[in-house]
Amino acid sequence: MHSPVFPDGADPTGAVRTLSGEALLATWERCSAGTPSSRALAMLCAGRPTLAHADAAALSLATRDAALLELHASKFGPDLSAFVACDACGERLEFELRTADIAATLQAADVSDTMMLDGVMLRLRMANTIDIAEAAAASDLEAAHDVLLARCTEGVNPAELPDALRDAVLARLEAMHEAAEISFSLGCPACAARQAIQFDIASFLWAEIRHAARNLLDDVHELAWAYGWAESAILAMSPQRRAAYLERVRG
Ligand SMILES: [Zn+2]
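No experiment lies behind these values; they were computed from the predicted model shown. (Residues numbered from 1 in each chain as written. Predicted model: local features only at pLDDT ≥ 70, side-chain atom pairs only at ≥ 80, totals over all residues. Heavy atoms only, no water.)

(A) Looking closely at the domain arrangement of the chain. Taken domain by domain, the chain comprises domain 1 (21–106 + 183–250) and domain 2 (111–179). Computed over C-alpha atoms, the centres of domain 1 and domain 2 are 32 Å apart. Between domain 1 and domain 2, the residue contacts involve 10 residues of the former and six residues of the latter. Taking both sides of the interface into account, the surface hidden between domain 1 and domain 2 amounts to around 680 Å²; carbon and sulfur atoms contribute 65%. Interface area lost by domain 1 to domain 2 is led by S37, A57 and L61, which between them contribute 55%. (Domains from an automatic or database assignment. Contact = heavy atoms within 4.5 Å. Buried area = accessible area lost by both parts, 1.4 Å probe.)

Shown next as structure tokens:
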């Protein structure tokens, strides 16, 4: 069993449902045509049946990603193995992360901040998925910054800020978000180069779900071909039962 990411009674996202059978395929289908942001929310809501889409979209990125880590743990176990290619020599650099540890780090970094600006108290909060989607739709980087400033600060109209103060607020927002990123560096055993890694749980979980869905589709195909059973009947079986029949089909 995985250990819960959120303390008792403090989980804003509801109970986790492990994605398997029809729920796994439905999630894969829904996510296939999505953007990275919509995919993150679709996976989260699929794994948390009581979480409304609008509430998921309003979760800060840190809390959203902590919840995605927990979803990953419920399906694939408490440790996550991944790899990247070394930028310098192409060697495969493998790493393992404990999802509960990273989720706890993200939760600790999920804080609002305040700053004094010309005698005015300004409140800053971490961006959520809606903020990021709106910023991504902006025409250029400057416009994207304006979107984030307007959405994530309270107490001042960002459009009226002089440039120096605007830069100071942006820098503070950036520092808040950097603290909630999953980043570390790896040394290459072949060429000794060090490489900075930025780990994105949403895209990693999506790759794992896609892989698991394709394996499940292969199993359904093989069993339907051999026995003539309906897809729904095969998906409703436990993984153990499917595996037992597949063993017989394969001799
Ligand atoms: Zn290398």
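(B) Representation of the pairing of strand β7 (residues 194–199). Of the two faces of β7, only one is covered, namely that formed by Q195, I197 and F199; the face formed by R194, A196 and Q198 stays uncovered. Both strand β6 (residues 182–187) and β7 contribute to a ladder of six bridges, which runs antiparallel. Bridge assignment links S185 to a residue of β7, and that residue is A196. With antiparallel pairing between neighbouring strands as the criterion, β6 and β7 make up a hairpin whose turn holds six residues, including A192 at a positive phi of roughly 70°. (Buried < 20%, exposed > 50% of the residue type's maximum accessible area, 1.4 Å probe, protein only. Helix = DSSP H or I, 4+ residues; strand = E, 2+ residues; numbered from the N terminus. Pairing = 2+ DSSP bridges.)

(C) Fine view of the environment of V156. The topology assignment puts V156 in the loop between β5 (153–154) and α8 (163–178). A residue is classified by how much of its surface remains accessible, and V156, at 27% relative accessible area, is partly exposed. In this structure the C-alpha to C-alpha distance between V156 and W28, which are 128 residues apart in sequence, comes to 42 Å. Apart from the residues within four sequence positions on either side, V156 is in contact with L122 and L161.

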